[in-house]
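Structure at a glance
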Amino acid sequence: MPTSDPITSDALYPTLKSLLREAKLAGAETADAIATHGRSLGIAVRENALEDVDSSEGKDIGLRVMVGKRQACVSSSDLSKQSLKALAERAVAMAKLAPEDPWCGLADPERLAQPGQGEALDVYDTTELDPATLKSRAHELEAATLSIKGVAQAEGANASWSTSAMAYATSHGFLDGWRASRHGLSVSAIAESGGAMERDYDYESTRYFDALPDPASIGHTAGRRAVARLGSRQIASSAMPVIFDERVAASLIASLLGAISGPSITRGVSFLKDKLNTEIFSPHIQIVDDPLLKRGNGSRPWDGEGLVVQKQHIVEDGVLKTWLLNCASARQLGMTSTGHATRGLGSPPGVSATNTWLVPGEKTPEALAAAMGEGFLISEMFGPSLNSNTGDYSVGVSGFKIENGLRAFPVSEVTIAGNLLDMYRTMIPANDLKMDSATCSPSLLVEGLTLAGS
């Protein structure tokens, strides 16, 4: 691999300082800027031969300027002195023509985080993998998938590695950055029997290389899942309890996070807009957001506006305890930012959660299925549809019919429908939580859903 500049946040600071200085000279009253430097490498194999090499590296900058109550955002991958000057001048010119935004502005300086806390998150692994190593791991992954009886093909056997640094600065003095890494393995398996084919997958992504499962275990899991879906059939429409497998259950939590984001609340387009401090789940439900979780997939030392962040309950004993707010949405609601701002290169601060999970229950998924008796287990979902104003929810799914508390046979071409408020009230979590993404959930038993089949 060719050598390049070390990836550190410190190396980005001079560019940010220059960009903010140029913005001030161009006429900006206040401004903030973000810079990133990332490098990634992924190797994919197919039929025991190299299929794809994805290698990339880049530096990018983003600038937001404010002139009175007007703001504009611009971005570029050109970090030259001439480009920074032109970028700042263009941003100020755009801001002067923009409509007024009474809620825009930098964060309160008194609430800014102390710099230098990024290393405590432990999200940066110094391990760098060369192409030969990644290719060998991808071959091992493919071979393990194909070793499962009934698997005809393995697609997208991929091993990857990436590292990145980001830095953020404001015209009122904040300057800090941090770096992170990621290692990944993924594969799709296609099983075949009697001319019928079924597909499934498995993947893992971790901050540290030594936390990643071995390729063989991931390939075996993908293969077994695909084989288990052979013989899929349809079932009659009915109302029945449903278990969302832990691979798909987090989507229900993601819908909650979208509904309580500041922009959704300020626009009045959320089915939860009147539910703050209201019991919307059963009392046994706890949902936690922790930006400071060590090695977490969504960890960050401060939010997208430089504010202090902390662990907090989004739902406590079934009660919705907070919105997710950045400074702009907080000002509009007459509240205080919750430290959930996120920043892109070419847009004003948005809102996002960090490491969010539903606290697991005590029963295994098998015990929940046994208690359910007859129902449906969802293993994969396709194109969820949510009415953000009402909470009406529907999604195409595949999975397994549950009879007498056990998996009876695989099922495809089914749609389930319900209302998220009703679903949240009946939700029962299993004990199989895996912290493998930014938003996580154990398997969930949900009552009262309508299943549309044949």
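To be clear, the structure that these remarks concern was listed above.
A brief report on the enclosed structure follows. (Residues numbered from 1 in each chain as written. Predicted model: local features only at pLDDT ≥ 70, side-chain atom pairs only at ≥ 80, totals over all residues. Heavy atoms only, no water.)

**So, the overall build of the chain**
What counts here: The helix and strand labels rest on DSSP assignments: H or I over at least four residues marks a helix, E over at least two residues marks a strand, and numbering proceeds from the N terminus. For the radius of gyration, the atom set is restricted to C-alpha positions; the globular benchmark scales as 2.2 Å times the number of residues to the power 0.38. Each residue gets one of three labels from its accessible area relative to the maximum for its type: buried under 20%, exposed over 50%, partly exposed in between, using a 1.4 Å probe on protein chains only. Contact between two residues is taken to exist if any of their heavy atoms lie within 4.5 Å; hydrogens are not considered. For the purpose of charge, His is not counted, nor are the chain termini; Lys and Arg are scored as positive and Asp and Glu as negative. To locate a charge, the coordinates of NZ of Lys, CZ of Arg, CG of Asp or CD of Glu are taken.
Counting its secondary structure elements, the chain contains 9 helices and 19 strands. Relative to the compact-globule value of 22 Å for 454 residues, the chain shows a C-alpha radius of gyration of 24 Å, a close match. Summarising its shape, the C-alpha atoms of the chain cover approximately 70 × 55 × 35 Å along the three principal directions. Here the chain holds 454 residues, and the buried ones make up 51% of them. A fraction of 72% describes how many contacts in the chain between residues 6 or more apart in sequence connect residues 24 or more apart. Positive and negative charge centroids in the chain, built from 41 and 54 side chains respectively, lie 5 Å apart.

**Considering the pairing of strand S7 (residues 238-244)**
Looking down a regular strand, the side chains alternate between one sheet face and the other. Rule in force here: A pair of strands is considered paired only if DSSP assigns at least 2 bridges between the two.
Counting buried residues along S7, 5 of its 7 residues qualify, which places the element largely inside the surrounding structure. Pairing of S7 with strand S19 (residues 444-452), which is carried by 6 bridges, proceeds in the antiparallel orientation. Note that in S19 the partner of Ser238 across the bridge is Leu451.

**A closer look at the packing of aromatic side chains**
The criterion, for reference: In this scheme Phe, Tyr and Trp rings, the latter by its six-membered ring, pair at centre separations within 6.5 Å, and the angle between planes marks the pair as stacked below 30 degrees, edge-to-face above 60, and tilted otherwise.
Tallied over the entire structure, the rule returns 5 aromatic pairs. Arranged with centres 5.4 Å apart and planes meeting at 85 degrees, the rings of Phe174 and Trp302 form a pair that is edge-to-face. Of this pair, Phe174 sits in the loop between strand S4 (151-170) and strand S5 (175-193) while Trp302 is found in the loop between strand S8 (287-289) and strand S9 (312-316), placing the two residues 128 residues apart along the sequence. Accessibility classification places Phe174 together with Trp302 in one group, the buried group. With 6.2 Å between their ring centres and 15 degrees between their planes, Tyr201 and Tyr203 make a pair best called stacked.

**Let's talk about the packing of helix H1 (residues 13-26) against helix H2 (residues 81-97)**
To keep things clear, this is the line we draw: Under this scheme, a helix contributes an axis fitted over its contacting stretch, all axes are lines through C-alpha atoms, and angles between N-to-C directions fall in the 0 to 180 degree range. Under this scheme an angle from 65 to 115 degrees is roughly perpendicular, one under 35 degrees roughly parallel, and one over 145 degrees roughly antiparallel; angles in between are oblique. Crossing handedness is defined as follows: a turn of the near helix away from the far one that is anticlockwise and smaller than a right angle gives a left-handed crossing, while the clockwise case is right-handed. For this classification, Asp, Glu, Lys and Arg are treated as charged, while Ala, Val, Leu, Ile, Met, Phe, Trp, Tyr, Cys and Pro are nonpolar and the rest, including Gly, are polar.
As a packed pair, H1 and H2 sit with axes 8 Å apart at the nearest point and diverge in direction by 45 degrees. Accordingly, the angle class assigned to the pair H1 and H2 is oblique. Note on packing geometry: the crossing formed by H1 with H2 is right-handed. The segment H1 lies against H2, with Thr15, Ser18, Leu19, Glu22, Ala23 and Ala26 engaging Leu84, Lys85, Leu87, Ala88, Glu89 and Val92. Here the contact of H1 with H2 is composed, by residue class, of 7 nonpolar, 2 polar and 3 charged.

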